[in-house]
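Examination of the molecular architecture
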Amino acid sequence: MRYWIMMGCALFMGWIFIKCFDKVSVENRDYYLKRLGFTIVAIQIFLPAYTILNPDQTLSFHRSLPLHFCGLNFWLLALNCFIRNRKLFVYTFFTSLLGGFYSLLTPLLTVGDSPFVMIHYSLVHTGLFVVPIVMIRIYGMRLKSFDWLRSYLFAAVISTLMVFINGFINLFESPDGVLANYMFVSEAPHVTNPFLFPSLGWPLYIVPLHFAFLLHMLVVNMIYRAREVAPIVDKLRIWQ
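A brief structural summary. (Residues numbered from 1 in each chain as written. Predicted model: local features only at pLDDT ≥ 70, side-chain atom pairs only at ≥ 80, totals over all residues. Heavy atoms only, no water.)

Some thoughts on the overall build of the chain
- A tally of helices and strands in the chain yields seven helices and zero strands.
- The order of α-helices and β-strands along the chain, N terminus first, is α-α-α-α-α-α-α.
- Relative to its length of 240 residues, the chain is compact, with a C-alpha radius of gyration of 18 Å against a globular reference of 18 Å.
- Projecting the C-alpha coordinates of the chain onto the three principal axes gives extents of approximately 55 × 40 × 35 Å.
- Long-range pairs, those at least 24 residues apart, make up 73% of the contacts in the chain with a sequence separation of at least 6. (Helix = DSSP H or I, 4+ residues; strand = E, 2+ residues; numbered from the N terminus. Rg over C-alpha atoms; globule rule 2.2 N^0.38 Å. Contact = heavy atoms within 4.5 Å.)

A few points about the nonpolar core
- Counting residues in hydrophobic clusters, the biggest one holds 40 residues, and the most contacted among them are Ile-40 and Phe-93.
- Listed by contribution, the elements that provide at least two residues to this core are helix H1 (2-22), helix H2 (29-53), helix H3 (69-83), helix H4 (86-105), helix H5 (115-137), helix H6 (147-169) and helix H7 (206-227).
- Broken down by element, the residue count for this core peaks at eight residues, all from H4.
- Aside from chain neighbours lying at most four places away, what touches Ile-40 is Phe-74, Leu-77, Ala-78, Cys-81 and Val-131.
- In terms of nonpolar packing, the next biggest core, distinct from the first, is built from eleven residues, Met-162, Tyr-182, Val-185 and Ile-206 among them. (Core = buried A, V, L, I, M, F, W, Y, C linked by side-chain atoms within 4.5 Å. Buried < 20%, exposed > 50% of the residue type's maximum accessible area, 1.4 Å probe, protein only.)

Here we look at the packing of H6 against H7
- Orientation of H6 relative to H7, taken along the N-to-C sense of each, is 150°, at an axis distance of 9 Å. With respect to each other, H6 and H7 are oriented roughly antiparallel. As H6 packs across H7, the resulting crossing turns out to be right-handed. Between H6 and H7, the contacting residues are Trp-148, Leu-149, Ser-151, Tyr-152, Ala-155, Ala-156 and Ser-159 on the first element and His-210, Phe-213, Leu-214, Met-217, Leu-218 and Asn-221 on the second.
- The residue makeup of the contact of H6 with H7, split by class, is nine nonpolar, four polar and no charged. (Axes fitted to C-alpha atoms, helices over the stretch in contact; angles between N-to-C directions. Parallel < 35°, antiparallel > 145°, perpendicular 65-115°, else oblique. Left-handed = near helix turned anticlockwise from the far one by under 90°. Nonpolar A, V, L, I, M, F, W, Y, C, P; charged D, E, K, R; others polar.)

Details of the packing of H4 against H6
- Axis separation between H4 and H6 bottoms out at 9 Å; the angle between their running directions is 80°. Of the possible angle classes, the one that applies to H4 and H6 is roughly perpendicular. Residues Arg-86, Val-90, Tyr-91, Phe-94 and Thr-95 of H4 form the contact with H6, whose participating residues are Asp-147, Trp-148, Ser-151, Phe-154 and Ala-155.
- Considered class by class, the residues forming the contact of H4 with H6 number six nonpolar, two polar and two charged.

Remarks on the pattern of salt bridges
- Tallied over the full model, the rule gives four salt bridges.
- With a shortest N-O distance of 2.5 Å, Asp-22 and Arg-137 are connected by a salt bridge. In this pair, Asp-22 is assigned in helix H1 and Arg-137 in helix H5, connecting sequence segments 115 residues apart.
- Residue Arg-137 is classed as partly exposed on the basis of its relative accessible area, which comes to 47%.
- Asp-147 is the salt-bridge partner of Arg-86, the closest N and O atoms lying 2.8 Å from each other. Residue Arg-86 is located in helix H4, and its partner Asp-147 is located in helix H6; the two are separated by 61 residues in the primary sequence.
- By relative accessible area, which is 2% here, Asp-147 ends up buried.
- Here the salt bridges share partners, and the residues they tie into one network are Arg-86, Asp-147 and Arg-150. (Salt bridge = Lys/Arg side-chain N within 4 Å of Asp/Glu carboxyl O.)

As for a nonpolar patch on the surface
- On the surface, Phe-12, Met-13, Trp-15, Ile-16, Ile-119 and Leu-123 cluster together into a nonpolar patch covering about 570 Å² of accessible area.
- Broken down by secondary-structure element, the contributors of at least two residues to the nonpolar patch are H1 and H5.
- Per element, the largest residue contribution to the nonpolar patch is four residues, and it comes from H1.
- One can find Phe-12 in helix H1. (Patch = residues over 30% accessible without salt bridge, like charges linked within 9 Å, V, L, I, M, F, W, Y side chains within 5 Å. Areas by Shrake-Rupley, 256 points an atom, 1.4 Å probe, with all protein chains shown as cover.)

What about the side chain of Asn-181?
- Tracing the backbone through its elements, the reader meets Asn-181 in the loop between H6 and H7.
- There is a polar contact of 3.0 Å between the side chain of Asn-181 and the backbone nitrogen of Ser-186.
- Beyond its immediate stretch of four places on either side in the chain, Asn-181 contacts His-62, His-68, Asn-166, Ser-186 and Glu-187. (Polar contact = N/O pair within 3.5 Å; in protein donor to acceptor, adjacent residues only side chain to side chain.)

Notes on the environment of Lys-23
- Mapped onto the elements of the fold, Lys-23 is located in the loop between H1 and H2.
- Here Lys-23 falls in the exposed class, since its relative accessible area comes to 74%.

Some thoughts on unusual backbone geometry
- Here the residue pair Trp-202 and Pro-203 is connected by a cis peptide bond, since its omega of 0° sits within 30 degrees of zero.
- With respect to the helices and strands, the residue Pro-203 is situated in the loop between H6 and H7.
- A positive phi angle, near 55°, is found at Phe-184, a position not held by glycine.
- Secondary-structure assignment places Phe-184 in the loop between H6 and H7.

Given below as structure tokens:
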């Protein structure tokens, strides 16, 4: 029941959010985008503060840092609300859309399932899905040819580096016995996913995920090209 409530609220909030920005006047767009950036920062600060103040929660460098793709992307979305950089948008567009969508579809709560954590989870992953859409609809962000491939390569480099970051963090003792597994590159996550094969063991279980990630980015790019308005470069093919 909580899952369906979360999904329903996420869809409703996302729709309201997009419609509200559609109504923002041209002269107020920069102002409201910066307000959105401050709001995202406040949302990101909330969970660490709640974890510190709540005696039933444990703040741990092994699982409380914003080093999963979704947490990192949410910070980058906040940054782009202030600098509006197209290259940064390219990275956040693909990884945020896919991360937000699958995180809502197959939620994995790494720091508990209290009501406040559930609300925070819904806000973050709904934001990941709708903020890039607003950046396209209202703020004119566009993709160049093969930006989807550049985004994948960047994500592949970051996730590979995270293997070593997890290893470094795990040199230190965890207060609750949970090892660092940011971006789930050190151990397969405990979720049901047709592209996840934990039986392959580490690191082979990561290989199908990379192929799936690349395929999903291509599909998202094709949908974007089919609906694109005023492209940066004319006559781009649908897979470019």
